[in-house]
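# A structural walkthrough
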Amino acid sequence: MSVFILSNRKIVRHKGEKEDSFSNDEYSIPNFRIAKCDFEGYKEPATTRKKKDYTNRNILNYTLFSEPEKQGYEEVLEVLLGEKGLKKSNLTADNLGGTQRMFYELYKNMSSTKKRSDVLLFIHGYAYDFDDELKAIIDLKKLFIDQPESPIEHILFVSWPASSSLVPLTYFDDKASSINSGTSLMRLFYFYTQFLKDIFSNRDLAPCNQRIHLMAHSMGNRVLQSMLYSLKRENILRVIDQVLLLNADVTYKVFDDSEDSFNKLPLLANRISIYLNRKDTILGISQFTKNILTPRLGKNGPGDIEALKDIVSVIDCTFIENDLKKTLKFEIGNHWGYLSSSQVQDDIFQNLNGIDRNLITGRRKETENIFTIIS
């Protein structure tokens with residue numbers, strides 16, 4: 001199991017600490033820094049802990065990777081061949097930094113004999129500071145790694161500096177941050193494709209045959225959209241298995257050719273699933289206060305996706321029961337079904353396991369590519 005943080009937050013050194021940390025500030029840097037979360041011996045903090053003491057590494061310990069001395073992945077190849085005894089080298093994994101170290105560790109873990117070793121790339125929505133993100137990582141680890149029904153063993157958590165406030169006007173700041181973060185995510189995609197080319201150009205190393213999935217919640221879809229804007233079609237490789245768009249806070253026309261963004265997803269992934277809730281109060285507020293009455297994808301569903309219906313599915317979660325989290329936020333918001341509903345979680349697990357969309361249980365088929373989760 002590996003859980004990594006990919007963050008374009010500012011790096012700070014807190015008073016009295018000897019290690020660099022990610023900042024809670026709503027400020028982004030041009031590139032992602034990589035950190036690995038330490039769940040070894042992790043214990044749930046006491047509920048009586050004072051809020052001011054429940055911050056940063058008191059929530060979850062993590063280690064920032066150093067930046068690589070050399071760009072590219074030739075040194076990763078050298079380390080891997082050295083470990084196989086196919087090349088003499090003084091390099092070890094400790095010489096690798098940044099994405100080199102992350103891709104190296106993922107490749108080693110995913111190349112094991114385990115049947116279940118998929119990766120989930122998760123992009124959160126707005127109103128998260130870094131402490132909130134650490135709490136979200138713990139929740140995701142419980143949901144996707146600890147659950148036997150899930151094929152996920154590794155999580156890449158995209159940390160971007162969203163506003164920590166739920167006040168509607170902060171949305172505009174988040175929109176700018178999401179654009180910057182999408183550009184950083186685009187660079188990461190190109191780093192990954194370069195890694196694949198550098199590593200598998202050598203016939204002594206075989207692909208791991210595990211899968212990578214991408215999940216974006218709420219305004220995390222705006223980060224994804226910004227990335228897709230920047231990707232050139234001729235440079236896109238199909239490296240993602242499932243893409244899950246949860247309560248997406250983007251326009252319902254996002255798949256239109258005129259948008260030139262989500263219509264690229266079929267080039268990137270095998271299957272795309274849009275999870276919507278027509279009672280989503282948060283997206284209703286977004287539509288009427290921030291987006292000039294433009295219907296949201298995660299509340300109203302997509303516009304014309306007839307040309308993509310073989311790949312893109314719509315899953316209506318309007319009638320789900322919030323049986324896992326019953327607080328006012330979840331009951332009224334109807335915006336976090338993946339956390340609050342066992343029905344949505346079960347549907348997601350079946351999706352990630354690659355079950356044919358027509359065979360996923362707990363659904364009613366409405367049309368060829370539109371389904372409703374039923375009780």
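Residues numbered from 1 in each chain as written. Predicted model: local features only at pLDDT ≥ 70, side-chain atom pairs only at ≥ 80, totals over all residues. Heavy atoms only, no water.

## Examining the overall build of the chain
- When its secondary structure is counted, the chain shows 11 helices and 13 strands.
- Overall, the chain is about 60 × 50 × 40 Å in size when its C-alpha atoms are taken along their principal axes.
- Within the chain, the fraction of its 375 residues that count as buried is 55%.
- Taking the contacts inside the chain whose residues are at least 6 apart along the sequence as the reference set, 75% of them involve residues at least 24 apart.
- Just so you have it, the chain exposes about 17200 Å², and 50% of that area is on carbon and sulfur atoms.
- In the chain, the 50 positive side-chain charges and the 50 negative ones have mean positions that sit 1 Å from each other. (Helix = DSSP H or I, 4+ residues; strand = E, 2+ residues; numbered from the N terminus. Buried < 20%, exposed > 50% of the residue type's maximum accessible area, 1.4 Å probe, protein only. Contact = heavy atoms within 4.5 Å. Areas by Shrake-Rupley, 256 points an atom, 1.4 Å probe, with all protein chains shown as cover. Lys, Arg positive; Asp, Glu negative; His and termini not counted. Charge placed at Lys NZ, Arg CZ, Asp CG, Glu CD.)

## Comments concerning the packing of helix α1 (residues 74-83) against helix α2 (residues 98-110)
- Taken N-terminus to C-terminus, the directions of α1 and α2 make an angle of 35°; their axes are 10 Å apart at the nearest point. Relative to α2, the crossing made by α1 is right-handed. Along its contact with α1, which presents E75, V76, V79, L80 and E83, the element α2 presents Q100, Y104, Y107 and K108.
- A class-by-class count of the residues in the contact of α1 with α2 yields 5 nonpolar, 1 polar and 3 charged. (Axes fitted to C-alpha atoms, helices over the stretch in contact; angles between N-to-C directions. Left-handed = near helix turned anticlockwise from the far one by under 90°. Nonpolar A, V, L, I, M, F, W, Y, C, P; charged D, E, K, R; others polar.)

## A word on the sheet that holds strand β4 (residues 28-37)
- An order of β5-β4-β1-β7-β6-β8-β9-β10-β11-β13-β12 is seen for the 11 strands of this open sheet, with the pairing classed as mixed. Edge positions in the sheet fall to β5 (62-64) and β12 (363-365), since each of these pairs with one other strand and no more. Between one strand and the next, the sheet's axes are offset by a mean angle of 25°, whatever the strand orientation.
- One ladder, built from 3 bridges, connects strand β11 (residues 312-316) with strand β13 (residues 370-373); its direction is parallel. Its bridge partner lying in β13, V314 is registered against I370.
- Against the sheet, helix α3 (residues 130-145) contacts β1 (2-9), β4, β5, β6 (118-123), β7 (152-159) and β8 (212-217), and its axis sits at roughly 160° relative to β7.
- Packing against the sheet, helix α5 (residues 220-230) makes contact with β6, β8 and β9 (240-246), and its axis sits at approximately 120° to β8. (Pairing = 2+ DSSP bridges.)

## Considerations on α2
- An ideal rise of 1.5 Å per residue puts 18 Å on 13 residues; α2 measures up with 18 Å between its terminal C-alpha atoms.
- Within α2, 11 of the 13 residues are buried, which leaves it mostly tucked inside the rest of the structure.
- Regarding α2, the residues found buried are G98, T99, Q100, R101, M102, F103, Y104, E105, L106, Y107 and M110. (Expected span 1.5 Å × (residues − 1).)

## A closer look at unusual backbone geometry
- Despite not being glycine, N247 shows a phi value in the positive range, around 45°.
- Position of N247 relative to the elements: it lies in the loop between β9 and α6 (265-268).
- Positive phi values are uncommon outside glycine, yet D260 reaches one of about 50°.
- Within the secondary structure, D260 sits in the loop between β9 and α6.

## Thoughts on the pattern of salt bridges
- Applying the stated criterion to the full structure yields 19 salt bridges.
- Residue D260 pairs with R233 through a salt bridge whose shortest N-O separation is 3.6 Å. Here D260, found in the loop between β9 and α6, pairs with R233, found in the loop between α5 and β9; they are 27 residues apart in sequence, far enough to count as distant.
- Here K309 makes a salt bridge to E306, at a shortest N to O gap of 2.8 Å.
- Among the ionic contacts, a cluster of salt bridges with common partners joins K36, D94, R101 and E105. (Salt bridge = Lys/Arg side-chain N within 4 Å of Asp/Glu carboxyl O.)

## Considering the nonpolar core
- Grouped together as the largest cluster of nonpolar side chains are 108 residues, with contacts concentrated most on M102, F144, L245, F255, Y338 and I348.
- It is α3 that provides the largest number of residues to this core, a total of 9 residues.
- When neighbours within four sequence positions are excluded, I348 is seen to be in contact with F144, M215, L244, L246, Y275 and Y338. (Core = buried A, V, L, I, M, F, W, Y, C linked by side-chain atoms within 4.5 Å.)

## Re the confidence of the model for the chain
- Of the residues in the chain, 92% reach a pLDDT of 70 or more, and the chain-wide mean stands at 89.
- pLDDT under 50 marks residues 166-173. Its contacts with residues more than four places away, or in other chains, come to 12 contacts. (pLDDT = per-residue confidence, 0-100.)

## Some remarks on the environment of I212
- The topology assignment puts I212 in strand β8.
- If sequence neighbours within four positions are ignored, I212 has contacts with V119, Y192, V239, I240, D241 and Q242.

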